[in-house]
Amino acid sequence: MALEHAILVALSEQAGTGYELARRFDRSVGYFWQATHQQIYRVLNRMAEDGWVSAVHVAQTGRPDKKVYSVVDAGRAELARWLGEQAQPAHLRDDLAVKIRGAGLGDAGAVLAEVQRHREHHARRLAVYEVIERTEFPERHALTGTRLHQYLTLRGGITTERGLVAWYDEVSAALRRDVAS
């Protein structure tokens with residue numbers, strides 16, 4: 001997926017400035033698609049040049065003017081085209097998995113510590129996702145349209161994080177036994 005498509009989805013949900021979009025990325029899209037603020041601004045400018053988004057200049061008192069971006073017909077057409085494309089299945093590429101496989105070739109205790117560090121990171125992310133689920137989607141069984149699609153994406157994140165935490169627990173237990181023997 002190109003960053004352009006993630007931005008088209010986000011702006012289709014709600015128009016905004018580059019700053020607002022970057023903040024929304026940090027709180028939602030950014031959990032599964034990473035982009036720096038600079039990348040977002042650069043791509044927004046390119047998308048405006050390509051005619052996928054338009055920007056309305058809004059004057060502000062005491063601050064520089066801001067540009068509020070929204071998706072235009074050409075951007076909606078590109079998003080529809082992209083949504084209809086087949087996506088490649090995800091491939092796991094994980095440095096930690098390779099370290100686990102090679103743990104016996106070096107310091108298995110160091111690999112165990114790294115597994116535990118990763119487990120804590122993913123447990124924290126899972127906790128954030130679960131809070132979002134409880135607070136933002138209290139009536140999840142009645143969702144439709146955009147809200148349903150946002151919720152389904154969140155559920156994918158929850159399921160993934162739960163699976164990773166469980167796997168890290170399994171690996172930690174096995175490595176502890178291995179290090180102790």
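Overview of the structure.

Procedures and definitions
Residues numbered from 1 in each chain as written. Predicted model: local features only at pLDDT ≥ 70, side-chain atom pairs only at ≥ 80, totals over all residues. Heavy atoms only, no water. Helix = DSSP H or I, 4+ residues; strand = E, 2+ residues; numbered from the N terminus. Rg over C-alpha atoms; globule rule 2.2 N^0.38 Å. Buried < 20%, exposed > 50% of the residue type's maximum accessible area, 1.4 Å probe, protein only. Contact = heavy atoms within 4.5 Å. Areas by Shrake-Rupley, 256 points an atom, 1.4 Å probe, with all protein chains shown as cover.

With that settled, the discussion passes to the overall build of the protein. Of the regular secondary structure elements, the protein holds seven helices and two strands. Its helices and strands in sequence order give the protein the pattern α-α-α-β-β-α-α-α-α, from N to C terminus. On C-alpha atoms alone, the protein measures out to a radius of gyration of 21 Å, which is more than a quarter above the 16 Å that the 2.2 N^0.38 rule sets for 181 residues. Across its three principal directions, the C-alpha atoms of the protein cover 70 × 40 × 40 Å. Counting the 181 residues in the protein, one finds 30% classified as buried. Of the contacts formed within the protein by residues at least 6 apart in sequence, a portion of 56% connects residues at least 24 apart. Accessible surface for the protein amounts to roughly 11800 Å². Of this, 54% is attributable to carbon and sulfur atoms.

The next subject is the environment of Val9. Tracing the sequence through the fold places Val9 in helix α1 (residues 3–13). Val9 sits in the partly exposed class, given a relative accessible area of 30%. Sequence separation of Val9 and Gly75 is 66 residues, and the distance between their C-alpha atoms is 9.8 Å.

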